[in-house]
Amino acid sequence: MHIGIVGGGQLARMMVLAGEPLGIDFIILDPAKDATAGQVTEQIIADYDDIDALTLLATKVDVITFDFENVPATALQHLESQCTVYPPVKALSISQDRLAEKTLFKQHGIETAPYAEINTLTDLHNALATLGTPCILKTRRFGYDGKGQFVIKDKSQADEAWQAINQQAAILEGFIDFDKEVSIITARSRSSDTPATSVYYPLSENQHQNGILHISRAPCDDEKLLEQAKDLLAPLIESLDYIGVLTVEFFVKGDQLIANEMAPRVHNSGHWTIEGAHCSQFENHVRAISNLPLGLATVSSPYSAMINFISQMPELKAICEIDSCHIHDYHKKPREGRKVGHATITADNKGLLEAQIKEILAIM
Ligand code: AMP
């Protein structure tokens, strides 16, 4: 079995590391000569829209997947005519456009923040009159980790916000005064001779800093929320005939789940599953797109937490002294705001988990 991955970041790297023990070979396609996944497997160095390179990749592998949302959908549509592409390109296209994403959620009765489509400054003024402040202006496309967003605290900031996002097509979202943020990760597979099956990981509770994921804790203890999230997602993945891992991020307010966004891929909030679940999100993604039965998504440790290392790695020796701490260095050059690695902690009780999180934060 040979898998091609468009994109060679840390998500691709961890897919490769999870798939190798299954005897699966990988080739990644990434324009960066020092792509982190290219350090652990074969790489084609080319732009994502280089048709010749994409065609070469398609001839070398059995199935193609991707490790980030902003792969040009047209490139994958081209590949689809030559090779199986999972997850479905339709899911990728929807996730690239916040308006299409919100529309999909709405079609499936999934609650979202109130929103309005914005194409002009006049649209923005009109939407501000309806939605009020505070609210968030988000570009429809190419936003991630809080980029392409402007929090509007007062209507007088409309012009400033519109300039800040470079007058791009956008949505204006009402601000949700949430209690917490969670995400659910599901994997769906279809072996050639059986109906599709899916597994759901427990909810992760996610804490952000400057728009970037900082800490994920799992499992989020609320069983009712997990059941609610599964019930919301099941018809959605069916309708997309989804194969692979899908992540949906929610705001939680009281007992209500409000969808924020979806990622048709493995997700940062699921990194804890490498050490904290019986089968990691990475292995299950690889299994799903290889038409293999899925592994268990249940926890192997009562409590887990993942802490992102942003900009630079902490001192290795100090981190190694913390009990049950697993270190993942992506071998990326230090750069301000860049995800360069993460740590996972597993523990038998919450007290111990929190104590170890504190120790790591102190070292960072
Ligand atoms: P996003 O890029 O949409 O995932 O937004 C990044 C982060 O900004 C989220 O994880 C939230 O912490 C915050 N955020 C985004 N949209 C909203 C909203 N409508 N209300 C409150 N906070 C939000």
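A quick note: this is a predicted structure, and the numbers were derived from the prediction, not measured. (Residues numbered from 1 in each chain as written. Predicted model: local features only at pLDDT ≥ 70, side-chain atom pairs only at ≥ 80, totals over all residues. Heavy atoms only, no water.)

## A look at the pairing of strand β4 (residues 63–66)
How we decide: A simple rule labels every residue: compare its accessible area, found with a 1.4 Å probe on the protein chains alone, to the largest value its type can have, and call it buried under 20%, exposed over 50%, or partly exposed in between. Runs of H or I in DSSP of at least four residues are treated as helices and runs of E of at least two as strands, each being numbered from the N terminus. What makes two strands pair is DSSP finding at least two bridges between them.
In β4, alternate side chains face the same way, and those of V63 and T65 on one face and I64 and F66 on the other are all buried. Here strand β1 (residues 2–6) pairs with β4 via 4 bridges, running parallel. Counted as the bridge partner of I3 is V63 from β4. Pairing between β4 and strand β5 (residues 84–85): 2 bridges, direction parallel.

## Overview of the pairing of strand β9 (residues 170–174)
Burial analysis of β9 places 5 of its 5 residues in the buried class, the great majority of the element. The alternating pattern of β9 places A170, L172 and G174 and I171 and E173 on opposite faces, both of which are buried. Across 4 bridges, the pairing between strand β6 (residues 115–118) and β9 is antiparallel. The residue of β9 that forms the bridge with I118 is A170. Where strand β7 (residues 135–139) lies against β9, 5 bridges are found, and the strand directions are antiparallel. Pairing of C135 across the sheet is with G174, part of β9.

## Considerations on the pattern of salt bridges
Our working rule: The working definition used for a salt bridge is a side-chain nitrogen of Lys or Arg within 4 Å of a carboxyl oxygen of Asp or Glu.
Tallied over the full model, the rule gives 16 salt bridges. Connected through shared salt-bridge partners, R188, R190, E238 and D241 make up one network.

## Overview of the domain arrangement of the chain
Which entries qualify depends on this criterion: For every domain, the bounds stem from an assignment made automatically or drawn from a database. Contacts: residue pairs with any heavy atoms within 4.5 Å of one another. Take the accessible area each of two parts loses on contact, using a 1.4 Å probe, and add the two losses: that sum is the buried area.
As assigned here, the chain comprises domain 1 (2–85), domain 2 (114–174) and domain 3 (180–363). The gap between the C-alpha centroids of domain 1 and domain 3 is 22 Å. Contacts between the two partners involve 20 residues from domain 1, matched on the other side by 22 residues from domain 3. Buried surface at the junction of domain 1 and domain 3, both sides included, amounts to about 1,700 Å², of which 67% is carbon and sulfur. The interface formed by domain 1 and domain 3 contains 2 salt bridges.

## Focus: unusual backbone geometry
Residue P87 is bonded to the preceding Y86 through a cis peptide linkage, with omega at -10°. Along the chain, P87 turns up in the loop between β5 and α4 (89–95). The omega torsion across A218 and P219 is -5°, close enough to zero to call that bond cis. The topology assignment puts P219 in the loop between β13 (212–218) and α8 (223–239). Although it is not a glycine, D241 sits at a positive phi angle of roughly 45°. With a phi close to 55°, H331 is a non-glycine residue in the positive phi region. Residue placement: H331 occurs in the loop between β17 (325–329) and β18 (339–347).

## What about the side chain of R188?
Using the following cut-off: Polar contact is the term for a pair of N or O atoms within 3.5 Å; when the atoms are in protein, one must be able to donate a hydrogen and the other to accept it, and sequence-neighboring residues count only if both atoms are side-chain atoms.
Relative to the assigned elements, R188 resides in strand β10 (residues 180–189). A relative accessible area of 5% means that R188 is categorised as buried. Among the polar contacts made by the side chain of R188, one reaches the side chain of E238 at a distance of 3.3 Å. Once residues within four sequence positions are removed from consideration, R188 is found in contact with A196, T197, S198, I237, E238, D241, Y242, I243, G244, A288 and L294.

## Description of the site of the ligand
Keep this limit in mind: Near is defined per residue: the residue qualifies when any heavy atom it owns lies within 4 Å of the molecule or strand. Note that accessible areas follow from Shrake-Rupley with a 1.4 Å probe, and for residues the cover is restricted to the protein chains shown. By the convention adopted, Pro, Cys, Tyr, Trp, Phe, Met, Ile, Leu, Val and Ala count as nonpolar, Lys, Arg, Asp and Glu as charged, and the other residues, Gly among them, as polar.
Neighbouring the ligand are 15 residues, the closest being K138, Q149, E173, E181 and E261. Within the contact set of the ligand, a nitrogen atom lies 2.9 Å away from a backbone nitrogen or oxygen of I176. One nitrogen or oxygen atom from the side chain of E261 is found 2.8 Å from an oxygen atom belonging to the ligand. Computed on the free molecule, the ligand has an accessible area of 470 Å², of which 91% lies beneath the protein chains in the complex. Secondary-structure elements contributing two or more residues to the shell around the ligand are β7, β9 and β15 (256–263). Classifying every residue of the shell around the ligand by side-chain character gives 5 nonpolar, 5 polar and 5 charged. Of the residues that make up the shell around the ligand, three or more belong to each of domain 2 (114–174) and domain 3 (180–363).

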